Amino acid sequence: MLRFITSRFLQSLLALFLVITATFFMVRFVPGGPFTAEKAVTPEILRNLEAHYGLDKPLGHQYLDYLGSLARGDLGPSFKYPNRTVNEIIFDKVPVSAELGSISLAVALVLGIGLGTLAAIRRNTWVDYIASSFGMIGISIPTFVVGPLLVLALAIHLGWFNASGWYGPADRVLPALVLGIAYAAPISRLTRGGLLEVLNQDFIRTARAKGASEFRVVTRHALRGGLLPVVSFLGPAVAGILTGSFVIETIFQIPGIGREFVNSAFNRDYTLVLGTVILYAVLIMALNLAVDIAQAWMNPKVRLES
Amino acid sequence: MRRLLLLVSALATALLVTPTGCAKKDASSSTSVSTAAAPAPLAAANTGKKILNYGNGAEPQDLDFQIVTGVPEHRLALTFFEGLVSEDPQLNIIPGVAEHWDISPDGLRYTFHLRADAQWSNGDPVTADDFVQSYQRMLTPALGAEYSYMLWHVVGAEDYNKSKLTDFSKTGFKAVDPRTLQLTLRQATPFLLHAMNHHAWYPLHIPTLKKFGALERRSTPWTRPENFVGNGPYLLKEWRANQKIVALRSPTYWDRSAVKIDEIHFFPVELADTEERMFRTGQLHITYEVPLTKLAVYQREQPASVRVDPYNGIYYYRFNVKRKPFDDVRVRRALALSLDRETLVKKVTLAGELPAYDFTPPDLAGYVSQHAFKSDLPEAKRLLAAAGYPDGKDFPSVELLYNTLEKHRTIAEALQQMWRKNLGIEITLYNQEWKVYIDAQHTKNFQLQRAGWIADYIDPHSFFDMWETGNGNNDTHWGSPAYDGLLRSALAAKTNTARYSIYQQMEKILVDEMPVMPIYFYTRARLVSPKVKGFITTPLDNCHWKFADLAP
């Protein structure tokens, strides 16, 4: 087990290095730069700006400089927001996205696993049909439709919430609901599928034959195997949900990291692009590792060593 | 089941610092149907104070107004600072920090007499030396201020900015005494006072900048609320990135008795649809813009909430005069003369824009173009035939470049259709992401390109100097020695009448040569709550808050 984790960790480090290198050079080769503006900047002023940020040095030199400061944990200054560093922006915004993400995840898991389980044990009844339609609708209707619809109903017509913002506890409800539903839908379908497969297997029949109650059969025996597909889905999904959703954060005016992730690319804010990419890569790698460990625990057939 | 859920949620929250808190429903009233019932944050603040909630478009880059460039930043600059002069809603120049000023007969020397009661928000007096040192900072090469060219009218400013001059005392900025500031210009600049309404001309509090080592460089924390010092009608109370900026009425501002609104909250809402929903729940009094699809509905159902103001800018298409077929002036004119701009503004752009048949917005500081062209389809067809493409036959393939935005696409499609129908020519549309598009513009890698220009100050000059040969904003490859000569002589003109008649001749050249094709003059549409009084914007979209009020 330890050997497995160590080797995976080293692999991840290598992958991270490759991601950083590729991103560093790719953003530089995109046309336009941080100071490209509609109103022309005179060549002298542009040179002054580039000198300030070290962009006048050869690219290889800049790359080594970047790796050097990265090793000290310094992600550099933001180009777009001159009085803030990338570290500050990330530390400022990740907690917001993580808070929204964890509430949404709770909504998604409760709703998704609950509905999926109901659908599986009441297969081909109206319960199943309703739960499955929820899954289909949730997958096919994008958040930028669900979000404004909920705002229209609950904020504008009923006046229960603000239309957008991130100030009081009430402001968490609508975005978490929208994001939660978006993730609940695939979870419910995966749960239903996984559970149906497991429910047909011999050990379930054995459990039933030994007189276990239906509730016990489902919760103790079936779900453990039935949730495996959900768990593999959750690795990347959790990384995505924690690093914020561009759409939700824009619609609801939430100061999260998801917007920076997308806008930094539009702004050619080189350091912020790299900072957010590194954050995302580290999260994905850590969560995938966690998923592998969890799967081994849940399914003895998976051998970590192999 | 419980164990599984535990496992899954533990996995999910393993890396979280924040607890998986339950979303609390904080709904106080479930009966209300009224859209005015604003929930917690706004209602809580509503304690008799006048608080204006203002949609400001985007998160400001910084509050160091010497290094920012955007419109949202400019609004904030007007809130926290004041320059030597200001303007009233009718665009007359009125005193700001300067009580009065003298201009030498040759127009080369401006002497500003600062008022005794002008103060910084920390109580320090605003001195002439503050202005001189601020301008020195703005022009310091290492600062890399993009708008530093706004100061180049002053003797030596350009050289200092380009490191050709290192002794700032040799420039035309002089503090004669603490309350007298003298500027010596390199040439008469009749629009200087108007140009001074731009934030490039605002003073900064030099001791604060020194404290944070910000005199010669950007990226310092002097603009954080706890450090910030300004001299405007409001002071910075709070800055929560991507959430809001809170401005409090300044107790030290010299004209504080005129300021009526206690607090202004600036919300950086990027999405027009989100803004519109916030307007409906009462979270915003003034929006930054209106979603195009909703404008007509508001105009029909709530006309009192819609405001459409003229905006000092022009929407146009730029020809690359070195690429076929636009190297032929007849083709450029044919394209310009064959459009139905009235239909375009009525059916497509929808916000009361004015069709553009010349190169300067109507009645710009008293200048009215005498050389406006007309839509003339027979003439357009004749020109196209003369250029060798009768009825569009053999017209080479032409691509129109625009930046990726719904509005530009619909306009481009409408024009594409008009050209197809009127001239029988086919134009292909393609779009690029903003910075790629700007890059294509500056490297002149296009045939025909959508463009827009918003002036920096109210004077026809700001619409003419960009077409000078090789000007960084020209980007057409077009140039005319006659035009350049006129441009130089315009600034030397003794009177405005003489100057404007030179602009008329320049406009004639532009209409004949058509290096760019005017389409319409901008307007600015927004939603404004009827509670807001005296919200008057200038054609540069400046709002001077001291004229505004908020009814309870």
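Predicted model, so just to flag it, every value in this text is computed and none were measured. Throughout, a residue's number is its position along its own chain's written sequence, starting from 1. Labels are handed out in written order, letters beginning with A for the chains and numbers beginning with 1 for the ligands. Owing to the predicted nature of the model, reporting of local features is limited to residues with pLDDT of at least 70; listing and counting of side-chain atom pairs is limited to 80 or more, with chain, interface and lining totals taken over all residues.

Draft legend 1. Just the overall build of chain A, in detail. Secondary structure elements follow DSSP: runs of H or I of four or more residues count as helices, runs of E of two or more count as strands, with numbering from the N terminus. Looking only at helices and strands, one finds 13 helices and 0 strands in chain A. When its C-alpha atoms are laid out on the principal axes, chain A stretches across 85 × 60 × 30 Å. Among the 306 residues that make up chain A, the fraction classed as buried is 44%. Contact between two residues is assigned whenever their backbone-derived C-beta positions fall within 7 Å. Taking the intrachain contacts of chain A between residues at least 6 apart in sequence as the baseline, contacts between residues at least 24 apart amount to 73%. With C-beta atoms placed from the backbone, the exposure class of a residue follows from how many other C-beta atoms lie within 10 Å of its own: 20 or more, buried; 12 or fewer, exposed; in between, partly exposed.

Draft legend 2. Structural view of the overall build of chain B. Secondary structure summary: chain B contains 17 helices and 18 strands in total. Only C-alpha atoms enter the radius of gyration; for comparison, a globular chain is expected to reach 2.2 Å times N to the power 0.38, where N is the number of residues. Computed over the C-alpha atoms, the radius of gyration of chain B is 26 Å, within 12% of the 24 Å expected from 2.2 N^0.38 for a compact globule of 552 residues. The dimensions of chain B, computed from C-alpha atoms along their principal axes, are 75 × 75 × 45 Å. Within the span of chain B, comprising 552 residues, buried residues form 46% of the whole. Excluding contacts between residues fewer than 6 apart, the proportion of contacts in chain B whose partners are at least 24 apart in sequence is 67%.

Draft legend 3. Geometry of the sheet that holds strand S13 (residues 398-403) of chain B. Residue and element names in this part refer to chain B. Following DSSP output, two strands are said to pair if at least two bridges run between them. Spatially, 6 strands are ordered S12-S16-S11-S15-S13-S14 in an open sheet, and the strand pairing comes out mixed. Edge strands, defined here as strands with exactly one partner in the open sheet, are strand S12 (354-355) and strand S14 (427-432). Direction of pairing for S12 relative to strand S16 (residues 516-527): antiparallel, over a ladder of 2 bridges. Residue pairing across strands places proline 355 opposite tyrosine 520, the latter belonging to S16.

Draft legend 4. Structural context of the pairing of strand S6 (residues 173-177) of chain B. All names here are of chain B. Inspection of the sheet shows S6 paired to strand S7 (residues 180-184) by 4 bridges, in the antiparallel sense. If you follow aspartate 177 over to S7, its bridge partner there is threonine 180. Counting the residues in the hairpin turn of S6 and S7 gives 2 residues.

Draft legend 5. Looking closely at helix H4 (residues 128-139) of chain B. All names here are of chain B. The span expected for a helix works out to 1.5 Å for each residue beyond the first. Taking 1.5 Å of rise per residue, 12 residues should cover 16 Å, and H4 covers 17 Å from first to last C-alpha, within 8% of that figure. Buried residues of H4: Ala128, Asp130, Phe131, Val132, Gln133, Ser134, Tyr135, Gln136, Arg137, Met138 and Leu139, and no others. Those residues of H4 hidden inside the fold are in contact with strand S5 (109-114), helix H5 (157-161), S6, S7 and helix H7 (206-211).

Draft legend 6. Structural context of the sheet that holds strand S10 (residues 263-267) of chain B. All names here are of chain B. Taken in spatial order, the 4 strands line up as S1-S10-S9-S8 in an open sheet, and their pairing is mixed. In the strand order of this sheet, the two ends are held by strand S1 (51-55) and strand S8 (234-240), each with one partner. Strand-to-strand, the axes of this sheet are offset by a mean angle of 20°, without reference to chain direction. Pairing of S8 with strand S9 (residues 244-249) involves 6 bridges; the strand directions are antiparallel. Within S9, the position partnered with leucine 235 by the bridge is leucine 248. The axes used here are C-alpha line fits, helices contributing only the stretch in contact, and every angle between their N-to-C directions lies in the interval 0 to 180 degrees. Lying on the sheet, helix H3 (residues 71-80) is in contact with S8, S9 and S10; it crosses S8 at an angle near 135°.

Draft legend 7. How the structure looks around the environment of Pro77(A). With respect to the helices, strands and loops of the structure, Pro77(A) is situated in the loop between helix H3 (59-71) and helix H4 (86-121). With 21 C-beta atoms packed within 10 Å, Pro77(A) lands in the buried category. The spacing of Pro77(A) and Ser188(A) is 111 residues in sequence and 43 Å in space, taken between C-alpha atoms. Among all residues touching Pro77(A), those that are not within four sequence positions of it are Thr85(A), Thr271(A) and Ser219(B).

Draft legend 8. Spotlight on the environment of Leu344(B). All names here are of chain B. With respect to the helices and strands, leucine 344 occurs in helix H11 (residues 341-349). On a C-alpha basis, the gap between leucine 344 and leucine 423 in space is 17 Å, while along the polypeptide they are 79 residues apart. Leave out the neighbours within four places in its chain, and leucine 344 touches Thr349, Ile411, Ala414 and Tyr520.

Draft legend 9. Looking closely at the packing of H4(A) against helix H12 (residues 257-267) of chain A. Residues and elements named next belong to chain A. Packing of H4 against H12 brings their axes to within 7 Å, and their N-to-C directions diverge by 125°. Classed by the angle they form, the pair H4 and H12 counts as oblique. Within the contact between the two elements, H4 uses Ile89, Ile90, Lys93, Val94 and Ser97 and H12 uses Ile257, Gly258 and Glu260. In this classification, Asp, Glu, Lys and Arg are treated as charged, Ala, Val, Leu, Ile, Met, Phe, Trp, Tyr, Cys and Pro as nonpolar, and every other residue, Gly included, as polar. Looking at the contact of H4 with H12, its residues break down into 4 nonpolar, 2 polar and 2 charged. The scheme is simple: roughly parallel for angles under 35 degrees, roughly antiparallel for over 145, roughly perpendicular for 65 to 115, oblique for anything else.

Draft legend 10. Quick peek at the packing of H4(A) against helix H13 (residues 270-298) of chain A. All names here are of chain A. At a minimum axis distance of 10 Å, the contact between H4 and H13 shows a crossing angle of 45°. As judged from the angle between their axes, H4 and H13 are oblique. Crossing of H4 over H13 shows right-handed handedness. Residue-level contacts link Val86, Ile89 and Ile90 of H4 to Thr271, Leu272, Gly275 and Leu279 of H13. For the contact of H4 with H13, a count of residues per class yields 5 nonpolar, 2 polar and no charged. The crossing is said to be left-handed when, going from far helix to near helix, the turn is anticlockwise and less than a right angle, and right-handed when the turn is clockwise.

Draft legend 11. Looking closely at the confidence of the model for chain B. All names here are of chain B. Averaged over all residues, the pLDDT of chain B equals 89, while 91% of them reach at least 70. pLDDT gives the predictor's per-residue confidence on a scale running from 0 to 100. A low-confidence stretch, residues 1-45 (pLDDT under 50), is modelled with 75 contacts involving residues beyond four sequence positions or located in other chains. Per the prediction output, this complex has pTM 0.87; the corresponding ipTM is 0.86.

Draft legend 12. Focus on helix H12 (residues 377-386) of chain B. Residues and elements named next belong to chain B. Every buried residue of H12 is accounted for by Ala380, Lys381, Leu383 and Leu384. Each buried residue of H12 lies within a common arc of 160° when the element is viewed along its axis, so the set occupies one face. Structurally, H12 contributes buried residues whose contacts are with helix H10 (329-337) and helix H13 (406-423). Glycine 388 sits one or two residues past H12 and shows a positive phi near 105°. Arc definition: directions from the helix axis to the C-beta atoms.

Draft legend 13. Here's a closer look at the confidence of the model for chain A. Across chain A, pLDDT averages 87, with 97% of residues at or above 70. Within chain A, helix H9 (residues 214-226) of chain A has the poorest average pLDDT of any element, 81, and H3(A) the best, 93.

Draft legend 14. Representation of the environment of Thr111(B) within the structure. All names here are of chain B. Within the secondary structure, threonine 111 is located in strand S5. On the basis of neighbour count, threonine 111 is assigned to the partly exposed category, with 17 C-beta atoms found within 10 Å. Counting along the chain gives 273 residues from threonine 111 to leucine 384, while the straight-line C-alpha distance between them is 55 Å. With residues near it in sequence (within four places) discarded, threonine 111 still touches Trp101, Asp102, Thr180 and Gln182.

Draft legend 15. Inspection of unusual backbone geometry at higher detail. Residues and elements named next belong to chain B. Note the cis peptide between lysine 324 and proline 325, where omega equals -5°. If you trace the backbone, proline 325 turns up in the loop between strand S11 (306-319) and H10. For serine 163, which is not glycine, the phi torsion reads 65° and is therefore positive. Mapped onto the elements of the fold, serine 163 is located in the loop between H5 and S6. Judged by the 13 C-beta atoms lying within 10 Å of it, serine 163 is partly exposed.

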